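Per-entry structural report
Spelled out, the chains give:
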Amino acid sequence: MMRKILIVDDDQKTRTLLKAYLEKNQYEVRLAHNGEAFLAEFQRYAEELSLVILDVMLPDTDGFSLCKTVRRRSNVPIIMLTASSDETDRVVGLELGADDYIAKPYSPRELLARIKAIHRRSGIDSAVAPRYYRFVGFTLDSVERTLSDPDGQLVALTGLDYQLLKYFVEHPGDVLDRGVLCEETRGRDVGPLDRSLDVQISKLRLRLNDGGKDPHLIKTVRGAGYVFSADVAAAQI
């Protein structure tokens, strides 16, 4: 289903950061720097949006006014952002039809968690996830959290092995950067000198008989990240 988010915030650094972070997590993001630009984007994409994020303080209007405008035309979920710690702002926003409220400063990870929660409640991410992922003879069971090789034998996996492999098989063919993979497996990003993810991927390659100088399942994309190159078939039973 649609995962397109429209964000209005007058701080360019914040807009750029949120766009990059959410796009890493498979969302399509549109940006606006003030109320006028937001309304133009909303007019264009209203039927495609799965969520709207409104900064309360804007140079030409405020998030409350935009919230009212959106609610007159659409039931799209709304998250409001504010630098104020005043509870009144939160109450007003919710009474105007906002679905959630986040006070600044906040982390992109917290915002992502709120977005996912709203999407689950609204049915955007409600599809039942597959249980089995099959690729080049291997079968990953997401319920039992086990991996079977082409001979039907179980392959020993650590918790990190499983999380990493599951994310790969859920995104076959996608170039996944190190930051995204670390967020998914460790709940945090890593610095450029942290090689723990690379070590973990090397271990996973060995479990998949994908070691050596030229891995064919988990390929390194220089300067960009990693890609799981196998064809994956997902099934419920």
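Residues numbered from 1 in each chain as written. Predicted model: local features only at pLDDT ≥ 70, side-chain atom pairs only at ≥ 80, totals over all residues. Heavy atoms only, no water.

1. Topic: the overall build of the protein
If you tally the helices and strands in the protein, you get eight helices and 13 strands. Residue burial in the protein is summarised as follows: out of 237 residues, 44% are buried. Across the protein, the fraction of contacts at a sequence separation of at least 24, relative to all contacts at a separation of at least 6, is 57%. Within the structure as shown, the protein displays about 12,500 Å² of accessible surface, and the carbon and sulfur contribution to it stands at 50%. (Helix = DSSP H or I, 4+ residues; strand = E, 2+ residues; numbered from the N terminus. Buried < 20%, exposed > 50% of the residue type's maximum accessible area, 1.4 Å probe, protein only. Contact = heavy atoms within 4.5 Å. Areas by Shrake-Rupley, 256 points an atom, 1.4 Å probe, with all protein chains shown as cover.)

2. Observations regarding the environment of Val175
Within the fold, Val175 resides in strand 10 (residues 175–176). Here the alpha-carbon distance between Val175 and Tyr226, two residues 51 residues apart in the chain, equals 5.5 Å. In this view, Val175 contacts Val221, Ala224, Gly225, Tyr226 and Val227; residues no more than four positions away in its chain are not counted.

3. Let's talk about the sheet that holds strand 8 (residues 146–148)
The strand order across the open sheet built from five strands is 9-8-7-6-13, with neighbouring strands paired in antiparallel fashion. Whereas interior strands pair on both sides, the edge strands pair on one side only; in this sheet they are strand 9 (154–155) and strand 13 (233–235). As paired elements, strand 7 (residues 138–141) and strand 8 share three bridges and run antiparallel to each other. Counted as the bridge partner of Asp141 is Thr146 from strand 8. This element, helix 6 (residues 159–170), spans strand 6 (132–135), strand 7 and strand 8 of the sheet and lies at about 110° to strand 7. (Pairing = 2+ DSSP bridges. Axes fitted to C-alpha atoms, helices over the stretch in contact; angles between N-to-C directions.)

4. Examining the pattern of salt bridges
Counted according to the given criterion, the structure contains 15 salt bridges. Lys4 is paired through a salt bridge with Glu28; the nearest N and O atoms lie 3.4 Å apart. Of the two residues, Lys4 is situated in strand 1 (residues 4–8) and Glu28 in strand 2 (residues 28–32); the sequence distance between them amounts to 24 residues. Linking Arg71 and Asp99 is a salt bridge whose minimum nitrogen-to-oxygen distance equals 3.1 Å. Remark: Asp99 occurs in the loop between helix 4 (87–95) and strand 5 (100–103) and Arg71 occurs in helix 3 (residues 63–73); sequence separation between them is 28 residues. (Salt bridge = Lys/Arg side-chain N within 4 Å of Asp/Glu carboxyl O.)

5. Description of the environment of Thr139
With respect to the helices and strands, the residue Thr139 is situated in strand 7. Residues Thr139 and Ala234, 95 residues apart in the sequence, show an inter-C-alpha distance of 9.6 Å. With sequence-adjacent residues up to four places away left out, Thr139 is seen in contact with Tyr132, Tyr133, Arg134, Thr146, Leu147 and Ser148.

6. Overview of the packing of aromatic side chains
Scanning the model with the defined rule gives four aromatic pairs in all. Ring plane angle 80° and centroid distance 5.3 Å describe the contact between Phe135 and Phe228, whose orientation is recorded as edge-to-face. Remark: Phe228 occurs in strand 12 (residues 225–228) and Phe135 occurs in strand 6; sequence separation between them is 93 residues. Here a set of aromatic residues connected by ring pairs shows up, and it is made of Phe135, Phe138, Phe168 and Phe228. (Phe/Tyr/Trp six-rings, centres within 6.5 Å; stacked < 30°, edge-to-face > 60°.)

7. Re the side chain of Arg205
As for its position among the elements, Arg205 is in helix 8 (residues 196–207). Buried and unpaired, Arg205 has Asp210 as its nearest opposite-charge partner, separated by 4.4 Å. Discounting chain neighbours no more than four positions away, the residues touching Arg205 are Asp210, Gly211, Pro215, Ile218, Lys219, Thr220 and Tyr226. (Lys, Arg positive; Asp, Glu negative; His and termini not counted.)

8. What to know about unusual backbone geometry
Here Lys104 and Pro105 are connected by a cis peptide whose omega angle stands at -5°. Relative to the helices and strands, Pro105 resides in the loop between strand 5 and helix 5 (108–122). With a phi angle near 70°, Gln26 is a residue other than glycine that sits in the positive phi range. Here Gln26 lies in the loop between helix 1 (12–24) and strand 2. Despite not being glycine, Val136 has its phi angle at roughly 35°, a positive value. Within the element layout of this structure, Val136 appears in the loop between strand 6 and strand 7.

9. As for the packing of helix 6 against helix 8
Remark: helix 6 packs on helix 8, axes separated minimally by 10 Å, with the N-to-C direction vectors making an angle of 80°. As far as their axial angle goes, helix 8 and helix 6 are roughly perpendicular. Only Leu197, Gln200, Ile201, Leu204 and Arg207 of helix 8 make contact with helix 6, whose side of the interface consists of Leu160, Asp161, Leu164, Leu165 and Phe168. For the contact of helix 6 with helix 8, the class distribution of residues is seven nonpolar, one polar and two charged. (Parallel < 35°, antiparallel > 145°, perpendicular 65-115°, else oblique. Nonpolar A, V, L, I, M, F, W, Y, C, P; charged D, E, K, R; others polar.)

From the geometry alone we can't say anything about function, so treat these as descriptive.
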